[in-house]
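Chain by chain, the residues:
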Amino acid sequence: MFMKKITLLLLIVPFFVFSQDDLLNELDSDSEVDNRVNSVFKSLKVVNFESTKLASKKDLYLIVSHRFGSVKNGIDDFFGLDQALTQIKFIYGVTDWLNLGAARSSNQKKYGLHAKYRLMYQETDGFPVTIVGYNLITANTALKDDIYPNIEFQDRLTYTSQLLISRKFNDNLSLLLAPSYVHENLATRSYVEQENGTTIAYDEENNQFALGVGGRYKISKRVSINIDYGIHLNRNSNSVYNNPLSIGVDIETGGHVFQMHFTNAQAMFEEGFITQGQGDWSDGDFFFGFNLVRVF
């Protein structure tokens, strides 16, 4: 069965069909069907990291995400609200175990395509966790020919693969582990300014590894506190970037989920927030953001 799913994943072509299901029906469903544990997470993301939730078959999701500038500058740029970045994403449930999605972010003018697929369900009297695979490819269209005169299209591409492993411990608490692999054809660069005014660039490895951890704790029927953190395992010692720590609130209402959060990583694609978390919580350098989720 596993090999059949992988084969279908490699061959399938995305298509979009609109349906008119009420998301609240799904949000209210905490029942266990055929020994499977459902509603491990209520949203497709914990905060930045993907959760093990998938869109249901024939559901089309529209997700509008905003990340504002750093709150560190205070009233000068209205606590970051003058520096907004936006991502628009569509996700379609091809089957109950396979989602396909496309997105565009104003950060580095990136475009992305992803596949998300369930491999195993958590069971009440059986398998202890839910396992989901996630693969993303992005293209950075902001790279300039005058800076990179020999740049080719493949240099703009970055690939991310994740294994998402979650467990629902009770009606209120769910936790996630997300081993992550990022391959950048043109590796991330950290620029360090020296005392004499010169600038030195340090490249990351093309292959980068990280471990995401996260969780959700429900504090009422419609509200939960969500936290995730990414540990970049082979970041170079000269990097100016930090591991991403994000704290948020999910609010479930009729027809959509509204997510509000603070994070030290402004990028919204996986390779961006994993490798380029530019903020530092200890300096008050973090960003406010929100995700608005609508299903058709």
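None of the values given here were measured: they were computed from a predicted structure.

**Quick look at the sheet that holds strand β16 (residues 287-295)**
Hydrogen bonds along the backbone pair up the strands of a sheet, which may run parallel or antiparallel.
Move 1: Here 12 strands make up a closed barrel; going around it, the order is β3-β4-β5-β6-β7-β8-β9-β12-β13-β14-β15-β16 and the pairing antiparallel. Averaged over neighbouring strand pairs, the angle between their axes works out to 20° when direction is ignored.
Move 2: Sheet topology note: the strand β13 (residues 223-232)/strand β14 (residues 245-253) ladder contains seven bridges and is antiparallel. Paired with I225 across the bridge in β14 is V249.

**Thoughts on the pairing of β16**
Move 1: Pairing of strand β3 (residues 60-70) with β16 involves eight bridges; the strand directions are antiparallel. Looking at the pairing, H66 lines up with F290 of β16.
Move 2: Two elements, strand β15 (residues 256-263) and β16, share eight bridges in a ladder whose sense is antiparallel. The partner of H261 across the bridge, within β16, is G289.

**A short note on the packing of aromatic side chains**
Move 1: Per the counting criterion, the structure on display carries eight aromatic pairs.
Move 2: Between the aromatic rings of F68 and F290, the centroid separation amounts to 6.1 Å while the plane-to-plane angle is 45°, which identifies the pairing as tilted. Remark: F290 occurs in strand β16 and F68 occurs in strand β3; sequence separation between them is 222 residues. Assigned by exposure class, F68 and F290 land together as buried.
Move 3: On the numbers, 4.4 Å between centres and 15° between planes, the contact of W281 with F286 is stacked.
Move 4: Among the aromatic residues, those joined into a cluster by ring pairs are F68, F258, F262, W281, F286, F288 and F290.

**With respect to the pattern of salt bridges**
Move 1: Overall, the coordinates contain eight salt bridges when judged by the stated rule.
Move 2: Residues E252 and R216 are paired through a salt bridge, measuring 3.8 Å at the closest nitrogen-oxygen approach. Of this pair, E252 sits in strand β14 while R216 sits in strand β12 (residues 207-218), and the two are 36 residues apart along the sequence.
Move 3: Residue class for E252 comes out buried when judged on its relative accessible area of 4%.
Move 4: Overlapping salt bridges, with partners in common, bring together K45, E50, K89, K116 and E270 in one network.

**Regarding the environment of K57**
Move 1: Tracing the backbone shows K57 in the loop between β2 (36-37) and β3.
Move 2: Given a relative accessible area of 47%, K57 falls into the partly exposed group.
Move 3: Setting aside chain neighbours within four positions, we find K57 in contact with G93, V94, T95 and D96.

**What to know about the confidence of the model for the protein chain**
Move 1: Chain-level statistics for the protein chain give a pLDDT mean of 85 and a share of 83% at 70 or above.
Move 2: The model gives residues 1-32 a pLDDT under 50, and that stretch makes 63 contacts with residues more than four places away or in other chains.

**A few points about the nonpolar core**
Move 1: In this structure, F49, L164 and L176 are the most contacted members of the largest nonpolar core, which totals 19 residues.
Move 2: Put simply, the parts of the chain that give this core at least two residues each are β7 (130-140), β9 (173-184) and α3 (270-275).
Move 3: Those residues within four positions of L164 in sequence are excluded, and the remaining contacts are E50, S51, T52, K116, T130, I131, V132, Y134, L176, L177 and A178.
Move 4: Of all hydrophobic cores here, the second largest spans 11 residues; its members include L60, Y92, L100 and A115.

Reading the values: the criteria
- Residues numbered from 1 in each chain as written.
- Predicted model: local features only at pLDDT ≥ 70, side-chain atom pairs only at ≥ 80, totals over all residues.
- Heavy atoms only, no water.
- Pairing = 2+ DSSP bridges.
- Helix = DSSP H or I, 4+ residues; strand = E, 2+ residues; numbered from the N terminus.
- Axes fitted to C-alpha atoms, helices over the stretch in contact; angles between N-to-C directions.
- Phe/Tyr/Trp six-rings, centres within 6.5 Å; stacked < 30°, edge-to-face > 60°.
- Buried < 20%, exposed > 50% of the residue type's maximum accessible area, 1.4 Å probe, protein only.
- Salt bridge = Lys/Arg side-chain N within 4 Å of Asp/Glu carboxyl O.
- Contact = heavy atoms within 4.5 Å.
- pLDDT = per-residue confidence, 0-100.
- Core = buried A, V, L, I, M, F, W, Y, C linked by side-chain atoms within 4.5 Å.

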